[in-house]
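The chain contents come next:
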Amino acid sequence: MHEIIINDTTLRDGEQAAGVAFNLQEKVAIASFLDLIGVHEIEVGIPAMGKEETFAIAAISNLGLQAKLLGWNRAVISDIQASMACGLERMHISIPVSGIQISAKFQGQWRITLQQLRDSISFAVDHGLWVAVGGEDSSRADENFLLDVALYAQEWGASRFRFCDTVGILDPFATFARVKRLVTALTIPVEIHTHNDFGLATANALAGIRAGATSVNTTVNGLGERAGNAALEEVVMSLKRIYGVNLGIDTPRLLELSRLVAAASCSSVPPWKAIVGENTFAHESGIHAHGVLQNPFTYEPFSPEEVGWQRRLVVGKHSGRHLVSSLLEEHGIFLNAQETQSVLDAVRQQSIEKKRSLSIEELLNLVQEQRYYHAIG
Ligand SMILES: CC(C)(COP(=O)(O)OP(=O)(O)OC[C@H]1O[C@@H](n2cnc3c(N)ncnc32)[C@H](O)[C@@H]1OP(=O)(O)O)[C@@H](O)C(=O)NCCC(=O)NCCS
Ligand SMILES: O=C(O)CC[C@@](O)(CC(=O)O)C(=O)O
């Protein structure tokens, strides 16, 4: 597959998630960690937001990171000036491209919209800046109009065009077709930006890449507006494991990064969240655990260590004899078939009462209780 750039927007679209507000230290820590694990580009924020944001962005910009840093701007010259004042040299300029957005923001005057885009690209290019343009709501735009905007952006000096599925309404097939059309018509690279309103953000990001997008927006844990964005960890691991594309990202540190962002965003990651959820390499069910005990790949797509986890085998309502025996044998306890079954029955009962799996200590206590019952019975 072609070269793929990860342009992570945890610090911009991620932070736009309702109720999330990173402080200076958190922004710096997240940017530094993204850089440390090898993320290629970071959209650091929106300098037009004012003092606190520009202070944090300037601090990141002064770190001398390897990753390329982009500031997000409206097609407004004062926004770009604010980005320049932070020391940024790469500008992302966003412009609405759908009828509904142009009506709401530019009273339907698409000529004025285009003029503002041209003026802001020219301003940035004249100041020696690298410019990317984002077509906000590209997925709901008239396809010919979208293409015209992208071609104008290219002609006016933009070096990349971002296709945004702003309200996450496309499926992977439609994403592929729309992005392909842009990739075929443009000479500048295309970036894909997807939202998760129907749970398709990662699938759509991959479809965009398959269609020829060479750059993809991600956020850690899929954080972002409404249902969020394509998750960094999902995109990176899908590219690595499904498509065999190694981006040079230190994937064993993805879990640490996820925890950093979860703490900074005061939001916990669901246990079943792909790649970084705590259940992703936990096995409780009897049939699965039996398989995993023979060969972990029976029920794992790749090794847990590859993303920073360790495999967990836990006993609970759905467990079977093989798992119970195996865990007990690790603690030097060898039971016969009947004893194992009675421990398993007790595990099921306790698990239902407690509404969770049991810890190893609880399992060992159960064995002791069972033995006691047998002794007095
Ligand atoms: C950018 C920001 C500083 C502007 O604040 P504000 O001046 O108080 O204005 P509002 O947010 O209420 O309204 C947005 C304005 O930007 C305009 N606008 C929206 N998108 C635009 C674009 N891509 N290019 C140019 N103008 C745009 C709107 O038409 C509206 O203009 P108006 O003030 O002339 O009516 C503020 O919205 C902010 O801090 N935003 C950060 C988060 C955010 O909105 N992200 C969304 C990215 S799409
Ligand atoms: O970069 C752009 O042009 C738009 C990016 C955006 O994130 C804007 C948003 O809704 O916050 C989107 O999804 O359209």
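Each chain carries its own residue numbering, running from 1 in the written order of its sequence. Chains carry letters and ligands carry numbers; both start at the beginning, A for chains and 1 for ligands, and go up in the order they are written. Local features are withheld for residues below a pLDDT of 70 in this predicted model, meaning they are given only at 70 or higher, and side-chain atom pairs are given and counted only at 80 or more; totals for whole chains, interfaces and linings count all residues. Computation of side-chain values covers all heavy atoms of the structure but excludes hydrogens and water.

**Quick notes on the site of ligand 1**
Stated precisely, the cut-off is as follows: We call a residue near a molecule or strand whenever a single non-hydrogen atom of that residue lies within 4 Å of it. Counting of polar contacts relies on pairs of N or O atoms within 3.5 Å, with two restrictions inside protein: one atom must be capable of donating a hydrogen and the other of accepting it, and residues adjacent in sequence are counted only when both atoms are side-chain atoms. Only the protein chains shown count as cover for residues, with accessible areas throughout obtained via the Shrake-Rupley method and a probe of 1.4 Å.
Around ligand 1, the surrounding shell holds 15 residues, and the nearest of these are Gln16, Met49, Arg74, Ala75 and Ser94. Separating a nitrogen atom of ligand 1 from a backbone N or O atom of Ser94 is a distance of 2.8 Å. Here ligand 1 loses 51% of its free accessible area of 950 Å² to cover by the protein chains.

**With respect to the layout of surface pockets**
The condition is simple: A pocket here means an open set of points on a 1 Å grid, computed over the protein atoms alone, that has protein on both sides within 12 Å along at least five of seven lines. A cavity is instead a set of points where a 1.4 Å probe fits but cannot get out; residues with an atom within 4 Å of a point line either one. Grid points are joined across faces, edges and corners, and a volume is the space filled by probe spheres set on the points. Helical segments are the DSSP runs of H or I of at least four residues, strand segments are the runs of E of at least two, and each set is numbered from the N terminus.
Considering only enclosed or pocket space, the largest pocket measures out at about 260 Å³ in volume. If you go around the largest pocket, you meet 16 residues; those closest to its centre are Arg12, Gln16, Trp72, Glu136 and Thr166. Of all the elements in the fold, those that place two or more residues in the lining of the largest pocket are α1 (10–14), β4 (90–96) and β6 (160–165).

**Describing the side chain of His92**
Locating His92 in the fold gives a position in strand β4. Polar contacts involving the side chain of His92 include one to the side chain of Arg162, which spans 3.3 Å.

**A word on the UniProt feature "domain: Pyruvate carboxyltransferase" (unreviewed entry) in the chain**
Formally: UniProt positions are given in the numbering used here, feature names are shortened, and annotations may be inferred rather than shown by experiment.
Here the UniProt feature "domain: Pyruvate carboxyltransferase" (unreviewed entry) sits at residues 4–255. In this annotation, residues 4–255 is assigned 44% helix and 18% strand; the end-to-end C-alpha distance for the span is 22 Å.

**Quick word on the nonpolar core**
The following threshold applies: Throughout, nonpolar core names a set of buried Ala, Val, Leu, Ile, Met, Phe, Trp, Tyr and Cys residues whose side chains join them through atoms within 4.5 Å. Note on classification: 1.4 Å probe, protein chains only; a residue is buried when its accessible area is under 20% of the maximum for its type, exposed when over 50%, partly exposed between these limits.
Counting 83 residues, the largest nonpolar core has Ile6, Val133, Phe161, Leu182 and Leu232 as its most contacted members. Among the elements that take part in this core, helix α7 (residues 143–155) stands out by supplying six residues, more than any other. Core analysis: the second largest hydrophobic core is formed by 16 residues, Val324, Leu327, Leu344 and Leu363 among them.

**Brief notes about the site of ligand 2**
The cut-off we apply is this: Any molecule with more than half of its atoms within 2 Å of a cavity's or pocket's grid points is regarded as sitting in that cavity or pocket.
Close to ligand 2 lie 13 residues, the nearest being Asp13, His92, Ser94, Arg162 and Thr166. Separating an oxygen atom of ligand 2 from a side-chain N or O atom of Arg12 is a distance of 3.0 Å. Within the side chain of Gln16, one N or O atom sits 2.9 Å away from an oxygen atom of ligand 2. Protein contacts shield 93% of the accessible area of ligand 2, which totals 350 Å² for the unbound molecule. Here ligand 2 occupies the largest pocket.

**What about the pairing of strand β7 (residues 190–194)?**
To keep it simple, the criterion reads: What makes two strands pair is DSSP finding at least two bridges between them. Look down the strands so they point away from you; if going from the first strand over the helix to the second traces a clockwise path, that crossover is right-handed.
Along β7, five of the five residues are buried, which leaves the element largely enclosed by surrounding structure. A two-sided burial pattern is seen for β7, the buried positions comprising Val190, Ile192 and Thr194 on one face and Glu191 and His193 on the other. For β6 and β7, the ladder comprises five bridges, and the chain directions are parallel. If you follow Asp165 over to β7, its bridge partner there is Thr194. Handedness of the crossover joining β6 and β7 through helix α8 (residues 172–185): right-handed.

**Remarks on helix α12 (residues 286–294)**
Note the following rule: Throughout, a contact is declared for two residues whenever any of their heavy atoms are within 4.5 Å.
When we look at burial in α12, the residues that qualify are Gly286, Ala289, Gly291 and Val292. Looking at the buried residues of α12, the elements they touch are β9 (282–283), β10 (312–313) and α13 (321–330).

**What to know about helix α5 (residues 99–106)**
Where we set the bar: The reported arc concerns the directions from the helix axis to the C-beta atoms and nothing else.
Residues of α5 that are buried: Gln101, Ile102 and Phe106. An end-on view of α5 places all buried positions within 95 degrees of arc, on one side of the element. Of the exposed residues in α5, those oriented more than 90 degrees away from the buried face are Ile100 and Ala104. The secondary structure elements touched by the buried residues of α5 are β4, α6 (110–126), β5 (130–136) and α7. Downstream of α5 by a residue or two, Gln107 has a phi angle that is positive, lying close to 50 degrees.

**Some remarks on the environment of Ile192**
Here Ile192 shows up in strand β7. A C-alpha to C-alpha distance of 24 Å links Ile192 and Ser61, two positions 131 residues apart in sequence. The contacts of Ile192, once residues within four sequence positions are left out, are Phe163, Thr175, Val179, Asn204, Ala205, Gly208, Ile209, Ala213, Ser215, Val216 and Asn217.

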